[in-house]
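# Summary of the model geometry
If you want the building blocks of each chain, they are given just below.
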Amino acid sequence: MKHLIRITAALALLYAGMTAALLIWTFSWPPPDPGTMAPADAIVCLGGGMAPDGTLAPPVLTRIDTCVRLYQAGLAPVVMFTGGTAGVDGIAAGGQMARYAATLGLPDDASLIEGRAQSTLQNALFSYPLLPATDHLIIVTEGFHLPRSYASFKWAAWEAGLPSPRIALAMSEQVRRDGGDRPNWRILARESLAIWFNLGRAVVYSAHPDPDVNWLH
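What comes next concerns the included structure. None of the values given here were measured: they were computed from a predicted structure.

## Quick word on helix α2 (residues 58-72)
In an α-helix, one turn spans 3.6 residues; hence positions three or four apart end up facing the same way. Across its 15 residues, α2 extends 21 Å between first and last C-alpha, which sits within 8% of the 21 Å expected from 1.5 Å per residue. Those residues of α2 that are buried are in contact with β1 (42-46), β2 (79-82), α3 (93-103), β4 (136-141) and β5 (166-171). Remark: glycine 74 follows α2 within two positions and exhibits a positive phi of approximately 80 degrees.

Set out below in structure tokens:
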């Protein structure tokens, strides 16, 4: 029983430490400044929530806004929109994101669409084969999600046998909000766990690659 208590306490401390580190990262990471960023091969916009009818979640719209702004600043020739469906035979988020970007002025020939991914790991795995060049990428998502996104794209490049890319991180916003300006603390707590699940699934996939990678959702 004492060993169980110690293990539980150690895990609780580890989780608390990870959450604290994530909080510090989220609220200290600066917003993207196009004037200080180096040009890249592509900007990658990660999906992050869509209703079954194809309505994109507000945080996703903010991600797209950021991507278009970076594109218009001349930081990359293309933007990859990656995100799967919200249901069986549903609309792909990647396509919906690209359509919204077009209303903001992004040319059609500057949009690349990946429409299968159901997780951050799949965003990375499925995007690489569609990118014309992968030496330098700009990844756009919320601040709290940037560390897991960075690790996922580094891992997926290694899995694909590609040279390790240079990855710049661009924050669309610090964290999702629950109405008004109040941070969504639940999603921060969830992300602290998701980082570990992400690591575990990546390790298992590396040991036993599955062409469909459905279990990486």
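## Topic: helix α6 (residues 185-207)
Helix length check: α6, at 23 residues, gives a terminal C-alpha distance of 34 Å against a target of 33 Å (1.5 Å per residue), a fit within 8%. The sharpest bend along α6 comes to roughly 25 degrees, located at leucine 193. Among all positions in α6, only Ile187, Leu188, Glu191, Ser192, Ala194, Asn198, Ala202 and Tyr205 are buried.

## Quick look at the environment of glutamate 191
Note on placement: glutamate 191 falls in helix α6. Residue glutamate 191 is classed as buried on the basis of its relative accessible area of 0%. For glutamate 191 and histidine 145, which are 46 residues apart along the polypeptide, the C-alpha to C-alpha distance reads 7.3 Å. Within the local environment of glutamate 191, its side chain forms a polar contact with the side chain of arginine 148, the two groups lying 2.7 Å apart.

## Regarding the nonpolar core
Ranked by size, the top nonpolar core spans 27 residues in total, and within it Ile43, Ile64, Phe81 and Ile138 carry the most contacts. Per element, the largest residue contribution to this core is 6 residues, and it comes from α2. Sequence-distant contacts of isoleucine 43, defined by excluding residues within four places in its chain, comprise Cys67, Leu70, Tyr71, Ala76, Val78, Val79, Met80, Ile138 and Val140. Counting residues in each nonpolar core, the second largest holds 24 residues, with Ala124, Leu131, Leu146 and Tyr205 among its members.

## Regarding the pattern of salt bridges
Between side chains of opposite charge, a pair can form when the charged atoms approach closely. Taken as a whole, this structure holds 2 salt bridges when the rule is applied. The partner of arginine 148 in a salt bridge is glutamate 191, and the shortest N-O contact between them spans 2.7 Å. One end of the pair, arginine 148, is in helix α5 (residues 146-159); the other, glutamate 191, is in helix α6, and 43 residues separate them in sequence. One exposure class covers both arginine 148 and glutamate 191, and it is buried.

## Some thoughts on the state of the cysteines
Inspection of every chain in the model, using the stated rule, returns 0 disulfides. No disulfide involves cysteine 45; its sulfur sits 3.5 Å from the nearest other cysteine sulfur, which is in cysteine 67. For cysteine 45, a relative accessible area of 0% gives the class buried.

## Comments concerning the side chain of glutamate 142
Note that glutamate 142 resides in the loop between β4 and α5. Of the polar contacts made by the side chain of glutamate 142, one reaches the side chain of arginine 63; its length is 2.3 Å. When residues no more than four places from it in sequence are discounted, the contact partners of glutamate 142 are Pro59, Arg63, Met171, Ser172, Glu173, Gln174 and Arg176.

## So, the pairing of β1
Of all 5 residues in β1, 5 are buried; the element is thus mostly enclosed. The side-chain alternation of β1 yields two buried faces, one formed by Ala42, Val44 and Leu46 and the other by Ile43 and Cys45. Note that β1 and β4 share 4 bridges and pair parallel. Opposite valine 44, over in β4, you have isoleucine 139 as the bridge partner. Where β1 meets β2, 4 bridges bridge the pair, whose relative direction is parallel. The partner of leucine 46 across the bridge, within β2, is threonine 82. As for the winding sense of the linkage, the β-α-β connection from β1 through α2 to β2 is right-handed.

## Some words on the environment of alanine 57
Examined against the element boundaries, alanine 57 turns out to sit in the loop between β1 and α2. C-alpha separation for the pair alanine 57 and glycine 47, spaced 10 residues apart in sequence, amounts to 9.3 Å. The residues contacting alanine 57, other than those within four sequence positions of it, are Gly48, Gly49 and Met50.

Each value, and the rule that gives it
In this convention, every chain numbers its residues from 1, walking through the sequence in written order. In view of the model being predicted, local features appear only for residues whose pLDDT reaches at least 70, and side-chain atom pairs are presented and counted only at 80 or more, with totals across whole chains, interfaces and linings using the full set of residues. Excluded from the side-chain calculations are hydrogens and water; all other atoms, namely the structure's heavy atoms, are used. Helix and strand definitions follow DSSP, with helices as H or I runs of at least four residues and strands as E runs of at least two, each counted in order from the N terminus. The length a helix should cover is 1.5 Å for every residue beyond the first. Any two residues whose heavy atoms approach within 4.5 Å at even a single point are treated as in contact. At any given residue, the bend is defined as the angle formed between two axes, one fitted to the seven residues that end at that position and one fitted to the seven that begin there. Summary of the burial criterion: residues with accessible area below 20% of their type's maximum are buried, those above 50% are exposed, and those between are partly exposed, where the area comes from a 1.4 Å probe applied to protein chains only. In protein, a polar contact requires one atom able to donate a hydrogen and another able to accept it; more generally it is a pair of N or O atoms within 3.5 Å, and residues adjacent in sequence count only if both atoms are side-chain atoms. We define a nonpolar core as any set of buried Ala, Val, Leu, Ile, Met, Phe, Trp, Tyr and Cys residues linked to one another through side-chain atoms lying within 4.5 Å. For this document, the term salt bridge refers to a Lys or Arg side-chain nitrogen within 4 Å of an Asp or Glu carboxyl oxygen. Disulfides are defined as pairs of cysteine sulfur atoms found within 2.5 Å of each other. In this description, strands pair whenever DSSP reports at least two bridges between them. With its strands directed away from the observer, a crossover is right-handed exactly when the path from the first strand over the helix to the second travels clockwise.

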